[in-house]
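For reference, the chains in residue letters:
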Amino acid sequence: MSGFGSVACRHFRPKTVRKPALLCVLLWVACWFLVNISIFIHKNIFAEYCTDQKSKGILGRLCLGYQQGLLTGDLCKDLCVTQTMVYKRCLYYDKGKKVIQADWNGQPIILKSKLEDFLSYDSLFLLDDQESRSIPEIDILVFTALEIKHSLGLEVKNVTAPQLWTKHLKDRRGSFSRAELASMWSLLQQEEYVFFQLLQDLSKHVLKMIGSCGHFYAVEYLTAGHAWHHNLFSLEELSPYSWRGSSSKALWQATNSIALSFLDLARHFENDFSHPLHLCDIKPENFAIRADLTVVAIDVDMAFFEPKMRDILEQNCTNDEDCSFFDCFSHCNLKTQRCRAERSNNNLQVICDKIFRPLFSPQLSEHRVRHPLQSQVYRAVKRCAELSKHGNVDKRTTEDTFSELYNLLKAGQREQ
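Quick summary incoming for the structure in this document. All residue numbers refer to position in the chain's written sequence, counted from 1. Only residues with pLDDT of 70 or above have their local features reported here, since the model is predicted, and side-chain atom pairs are shown and tallied only from 80 upward, although totals for entire chains, interfaces and linings are computed over all residues. The basis for every side-chain value is the complete set of non-hydrogen atoms in the structure, without hydrogens or water.

1. A word on the pattern of salt bridges
Let me state the cut-off plainly: We count a salt bridge whenever a side-chain nitrogen from Lys or Arg sits within 4 Å of a carboxyl oxygen from Asp or Glu. The way it works is that DSSP assigns letters per residue, a run of H or I at least four long becomes a helix, a run of E at least two long becomes a strand, and they are numbered from the N terminus. Accessibility here uses a 1.4 Å probe with only protein chains present; expressed as a share of the type maximum, an area under 20% marks a residue as buried, one over 50% as exposed, and anything in between as partly exposed.
Tallied over the entire structure, the rule returns 18 salt bridges. Here Lys112 makes a salt bridge to Glu192, at a shortest N to O gap of 3.0 Å. Here Lys112 is found in strand S3 (residues 107-113), whereas its partner Glu192 is found in helix H7 (residues 191-198), with 80 residues between them in sequence. For Lys112, a relative accessible area of 7% corresponds to the buried category. Classification of Glu192 by relative accessible area gives buried; the value is 4%. Ionic pairing is found between Arg310 and Glu306, a salt bridge with its closest N-O pair at 3.7 Å. With Arg310 and Glu306 both in helix H9 (residues 306-313), this residue pair falls four residues apart, about one helical turn.

What follows is the structure in structure tokens.
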């Protein structure tokens with residue numbers, strides 16, 4: 001019996017320890033996995049987090065570059081010397097793109113840059129070739145036009161190029177310093193800066209440029225819309241108007257005015273430039289409203305003029321789903337297996353879908369205003385939002401839809 005018992009023990013012992021051992025291995029693997037996930041989250045999320053310490057460090061390096069003569073701008077002295085421009089808070093940080101709120105002489109402004117460090121931008125190689133000699137103005141104009149052609153797909157004439165320069169350099173006669181050229185070149189590599197600067201005197205629907213320092217440019221401060229806000233845009237924050245506690249009729253008038261301004265923006269971007277301007281990321285967060293209820297595009301990272309839009313859409317495909325670029329759609333040519341270069345929807349349709357649907361939704365009427373025309377407006381908005389369901393949206397259909405919405409909104413405004 002003792003021999004049988006010892007054999008039995010030897011036979012069953014491995015089975016008795018297998019489960020605890022397996023549990024230990026699984027526990028170790030789980031801990032290893034959690035530790036590595038924590039490291040990944042820390043490196044890739046918290047390292048990118050929008051903190052005051054990181055933001056102040058970026059502005060500190062900007063001022064150091066100014067003091068060393070590497071960069072310049074009309075706002076550098078205010079930020080780095082007199083400190084009439086002071087940091088308030090970080091608003092956004094993602095993959096280097098920085099959006100900072102500051103106070104400038106008591107007024108809130110926004111500082112923006114696509115990359116956080118000045119030296120992260122490509123240098124103008126003309127500066128490497130000519131250490132001491134001044135660079136001919138025609139060379140600067142040509143390279144500016146080439147950069148705009150590369151980034152926006154636009155042909156910019158030499159006489160137009162100076163419009164893209166910062167305010168304090170527009171009327172400059174004579175040569176530019178190395179710091180001025182390096183700073184200007186860092187700004188021209190930022191598509192959003194070029195958009196805003198190019199459209200400053202052409203559109204009321206883009207942010208007003210204030211100035212720059214190195215690779216950071218300053219624009220007017222406006223509060224962005226929010227999908228979760230019951231009016232999409234916070235009317236309470238507008239000045240000099242005060243909508244807090246206003247009557248339902250006044251709020252309806254304000255809502256109508258905002259919608260009419262969106263219609264004006266859609267027609268303006270479609271017809272008033274040398275090429276249509278396509279907005280491929282339409283959402284409340286990318287727009288704001290001024291005190292006079294003018295709608296302003298505040299984030300145009302996903303805005304493209306027609307030549308660039310065609311290049312983006314014309315890709316390989318196997319079905320229509322392959323031809324969607326955010327809010328800009330095209331159709332797949334199954335014979336050539338290429339997306340058509342023409343956009344199948346348009347800005348107006350997406351505005352109806354992403355802005356007007358929630359703005360005039362009867363399901364949310366208990367949080368907003370009720371008006372006799374609201375249901376009629378919403379039905380027109382619904383038709384507008386579904387325009388491209390049966391193919392490309394032609395100009396005649398777009399004009400008819402625009403007119404229907406415009407007339408309804410104007411009728412709502414006239415009812416005092």
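Having seen it, we continue.
2. Here we look at helix H11 (residues 374-385)
Selection criterion: Helices are assigned an expected span. That span is 1.5 Å times one less than the residue count. The arc in question is the one traced by the directions running from the helix axis out to the C-beta atoms.
The first and last C-alpha atoms of H11 sit 16 Å apart over 12 residues, in line with the 16 Å expected at 1.5 Å per residue. Those residues of H11 that sit buried are Gln374, Val377, Tyr378, Ala380, Val381, Cys384 and Ala385. Relative to the axis of H11, the buried residues are bounded by an arc of 160 degrees and lie together on one face.

3. Examining the environment of Ala145
Its location among the elements puts Ala145 in helix H5 (residues 137-152). Overall, the relative accessible area of 13% leaves Ala145 in the buried class. Placed 17 residues apart in sequence, Ala145 and Pro162 show a C-alpha to C-alpha distance of 9.8 Å.

4. A few points about the packing of aromatic side chains
For the record, the criterion: The rule is short: rings of Phe, Tyr and Trp, with Trp giving its six-membered ring, pair when the centres are within 6.5 Å, and they are stacked under 30 degrees, edge-to-face over 60, tilted in between.
A complete count under the given rule lists 12 aromatic pairs for this structure. Arranged with centres 5.3 Å apart and planes meeting at 20 degrees, the rings of Phe195 and Phe305 form a pair that is stacked. Highlighted residues: Phe195 in helix H7 and Phe305 in strand S9 (residues 303-305), separated in sequence by 110 residues. When its relative accessible area of 3% is taken as the criterion, Phe305 is described as buried. For the ring pair Phe262 and Phe287, a centre distance of 5.2 Å and an interplane angle of 70 degrees mean the geometry is edge-to-face. Taken together, the residues span a long stretch of sequence, with Phe262 in helix H8 (residues 248-271) and Phe287 in strand S7 (residues 287-289) at a distance of 25 residues. Residues Phe262 and Phe287 agree in their burial class; the two are buried.

5. With respect to the state of the cysteines
Short version of the rule: Put simply, a disulfide is two cysteine sulfurs that come within 2.5 Å.
Evaluated as defined, the whole model comprises seven disulfides. A sulfur-sulfur separation of 2.1 Å characterises the disulfide bridge that pairs Cys76 with Cys213. An S-S torsion of about 105 degrees defines the bridge between Cys76 and Cys213 as right-handed. On the criterion of sequence distance, the pair formed by Cys76 in helix H3 (residues 76-80) and Cys213 in strand S4 (residues 209-213) is long-range, its members being 137 residues apart. Of the two residues, Cys76 and Cys213, both sit in the buried class. Across a sulfur-sulfur distance of 2.1 Å, Cys323 and Cys339 are joined as a disulfide pair. Between Cys323 and Cys339 the sulfur-sulfur dihedral comes to about -90 degrees; the bridge is accordingly left-handed. With Cys323 in the loop between H9 and strand S10 (324-325) and Cys339 in strand S13 (residues 338-339), the pair connects residues that are 16 residues apart, well separated along the chain. The same class applies to Cys323 and to Cys339, which are both buried.

6. A word on the sheet that holds S3
Operational definition: If DSSP finds at least two bridges between two strands, the strands pair. Every axis in this analysis is a line fitted to C-alpha atoms, fitted for helices over the stretch in contact. Angles between the N-to-C directions lie between 0 and 180 degrees. Whether two residues are in contact is decided by their heavy atoms: any pair within 4.5 Å suffices.
Spatial ordering of the open sheet is given by S1-S2-S3-S5-S4, a layout of five strands whose pairing is antiparallel. Each end of this open sheet is capped by a strand with a single partner; those strands are strand S1 (85-94) and S4. Direction aside, neighbouring strands of the sheet carry axes that sit 25 degrees apart on average. Bridge count between strand S2 (residues 97-104) and S3: seven bridges; the pairing is antiparallel. Bridged to Lys98 within S3 is Ser113. Against the sheet, H7 makes contact with S2, S3, S4 and strand S5 (216-220), and its axis sits at roughly 45 degrees relative to S5, the strand it touches most.

7. Observations concerning H5
Compared with the 22 Å implied by 1.5 Å per residue over 16 residues, the 22 Å span of H5 between its first and last C-alpha is a close match. For H5, every residue scored as buried is listed here: Ile140, Leu141, Thr144, Ala145, Glu147, Ile148, Ser151 and Leu152. Taken around the axis of H5, the buried residues stretch over an arc of 160 degrees, which confines them to a single face. Residues Leu146 and His150 are exposed on H5 and point more than 90 degrees away from its buried face. For H5, the secondary structure elements touched by its buried residues are helix H6 (178-188), H7 and H9.

The values are spatial; any link to function lies outside them.
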